[in-house]
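# Observations on the three-dimensional arrangement
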Amino acid sequence: MGAAVGMSVFLVITTFLLHYAVFRWLSGGMSNIAMTAERRILIIWLLTLSAHVVEVALYAAAYVLGERMLEIGSLEGLQIVGPLDYFYFSIVAYTSLGMGDIVPSDHLRFITGIETLNGLLLIAWSASFNYIAMVKLWSWQTCVEPVWRKLK
């Protein structure tokens, strides 16, 4: 159990720091690069998604390490044949989509639960960051008044 707790703490801290670094750069460091607001929003969304993909990959690597090297549990159900299977399981856990075809056993269940909680927090953080960016950068065009309102 100690290995699962240690891996979980490491993963939570690492993914938080990665998210923090990406958002710090997006909110400060990127401001030195000349670009339109529309392009900046696109880059914010793409780098946010990229951060999540890297974080999912870190958890997938932890499942490989936990199952094959540390032997603290296994992923049962659908046969795991390659790295994409671990990545798939990690995405399912990270997004709290739910499990069914692949299920963790023993201490990998603890890491999976922590990944789900961590994923929910990081996704919420991303949503609020992207909302703030959209409010600051997105320019809304005023709507044309309906003809019937002009007649009054």
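Our structure is the block above this text.
Residues numbered from 1 in each chain as written. Predicted model: local features only at pLDDT ≥ 70, side-chain atom pairs only at ≥ 80, totals over all residues. Heavy atoms only, no water.

## A few points about the overall build of the protein
Rules: For the purposes of this entry, the term helix denotes a DSSP run of H or I that reaches at least four residues, the term strand denotes a run of E that reaches at least two, and both are numbered from the N terminus. In this treatment the radius of gyration is a C-alpha quantity, and the globule benchmark scales as 2.2 Å times the residue count to the 0.38 power. The contact criterion used throughout is that any non-hydrogen atoms of two residues lie within 4.5 Å. The Shrake-Rupley method, run with a 1.4 Å probe, gives the accessible areas here. Residue values count only the displayed protein chains as cover. All tallies of charge rest on Lys and Arg as positive and Asp and Glu as negative; His and the ends of each chain are not included. To locate a charge, the coordinates of NZ of Lys, CZ of Arg, CG of Asp or CD of Glu are taken.
Broken down by element type, the protein carries five helices and two strands. Helices and strands appear in the protein in the N-to-C order α-α-β-α-β-α-α. Against the 2.2 N^0.38 benchmark of 15 Å for 152 residues, the protein shows a C-alpha radius of gyration of 21 Å, more extended than a compact globule. Seen through its principal axes, the protein has C-alpha atoms that stretch 75 × 40 × 25 Å. Across the protein, the fraction of contacts at a sequence separation of at least 24, relative to all contacts at a separation of at least 6, is 73%. As presented, the protein carries roughly 9600 Å² of accessible surface, and 69% of it is formed by carbon and sulfur atoms. Of the side chains in the protein, 9 bear a positive and 10 a negative charge, and the two mean positions are spaced by 24 Å.

## Observations regarding the nonpolar core
The following threshold applies: As used in this record, nonpolar core signifies buried Ala, Val, Leu, Ile, Met, Phe, Trp, Tyr and Cys residues forming a set joined through side-chain atoms within 4.5 Å. Partly exposed residues are those whose accessible area sits between 20% and 50% of the maximum for their type, while under 20% is buried and over 50% is exposed, using a 1.4 Å probe and protein chains only.
In terms of nonpolar packing, the biggest core is built from 16 residues, with Tyr-63, Ile-72, Leu-75, Tyr-86, Leu-108 and Ile-111 touching the most fellow members. Within the residue set of this core, elements represented by two or more residues are α1 (2–27), α2 (37–69), α3 (83–94) and α4 (108–137). Sort the elements by how many residues they give to this core and α2 lands first, with four residues. Contact partners of Tyr-86, with chain neighbours within four places excluded, come to Ala-60, Tyr-63, Val-64, Glu-67, Arg-68, Leu-75 and Ile-80.

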